[in-house]
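# Report on the structure
One-letter residues, chain by chain:
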Amino acid sequence: MNQQSFIIIHGLGGSGPDHWQTWLAEELTRKNYHVQYPTFTNFDSPNKSVWLKELSAILRRIPEGNDLTVITHSLGCLLWLHYASTLNKPIANRVILVAPPS
């Protein structure tokens, strides 16, 4: 049976200890799901190419065959959309875009 994996992607400014994403990562980890909750470099002044490389490295840590859910917030939504648009294959089983910037 495949395990469920989650990647939680923060937006501009990161996600501190009181952010809902931090709470969600802790809850999913407590329930023994495979969770990646990275902090991207220079989160107050992001560089798209750097963040895309970091996201690619994070995705390589997902065990092959796992069902993947990606949960993004704010600028993280745009990061995910930029990343996914570069590939010609399915990446995740589910993607949740929370409060994308306008």
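Numbers given for residues are sequential positions, taken from 1 along each chain in its written order. Side-chain atom pairs in this predicted model are given and counted only at pLDDT of 80 or more, local residue features only at pLDDT of at least 70, and totals for whole chains, interfaces and linings cover all residues. Side-chain descriptors were evaluated using all non-hydrogen atoms of the structure, hydrogens and water having been removed beforehand.

We now examine the sheet that holds strand E2 (residues 34-36). What the four strands build is an open sheet, ordered E2-E1-E3-E4; its pairing is parallel. Of all strands in the sheet, those with a lone pairing partner are E2 and strand E4 (94-98), marking the two edges. Each strand axis lies, on average, 15 degrees off the axis of its neighbour in the sheet, ignoring direction. Should DSSP find at least two bridges between two strands, the strands are taken to pair. Per the convention used, a helix needs a DSSP run of H or I reaching at least four residues, while a strand needs a run of E reaching at least two, with both numbered from the N terminus. In this sheet, E2 lies alongside strand E1 (residues 4-9) in parallel orientation, the contact comprising three bridges. Within E2, the residue paired with Phe-6 across the bridge is Val-35. Whenever a helix is involved, its axis is fitted only over the stretch in contact; in every case the axis is a line through C-alpha atoms, and angles between N-to-C directions fall within 0 to 180 degrees.

Our next topic: the packing of aromatic side chains. In this analysis, rings of Phe, Tyr and Trp, with Trp reduced to its six-membered ring, are considered paired at centre separations within 6.5 Å, and the interplanar angle assigns stacked below 30 degrees, edge-to-face beyond 60, and tilted for intermediate values. Inspection of the entire model under this criterion finds three aromatic pairs. Ring plane angle 35 degrees and centroid distance 6.0 Å describe the contact between Trp-80 and Tyr-83, whose orientation is recorded as tilted. Of this pair, Trp-80 and Tyr-83 both sit in helix H3 (residues 75-85), three residues apart, roughly one helical turn. For Trp-80, a relative accessible area of 4% gives the class buried. Relative accessibility under 20% of the residue-type maximum defines a buried residue, over 50% an exposed one, and the middle range a partly exposed one, all with a 1.4 Å probe and only protein chains included.

This paragraph deals with the environment of Asp-44. Tracing the backbone shows Asp-44 in the loop between E2 and helix H2 (48-59). Along the primary structure Asp-44 and Trp-23 are separated by 21 residues, whereas in three dimensions their C-alpha atoms are 21 Å apart. Should any heavy atoms of two residues lie within 4.5 Å, those residues are counted as being in contact. Setting aside anything within four residues of it in sequence, one finds Asp-44 in contact with Leu-12 and Gly-13.

Just geometry here; none of it tells us what the structure is for.
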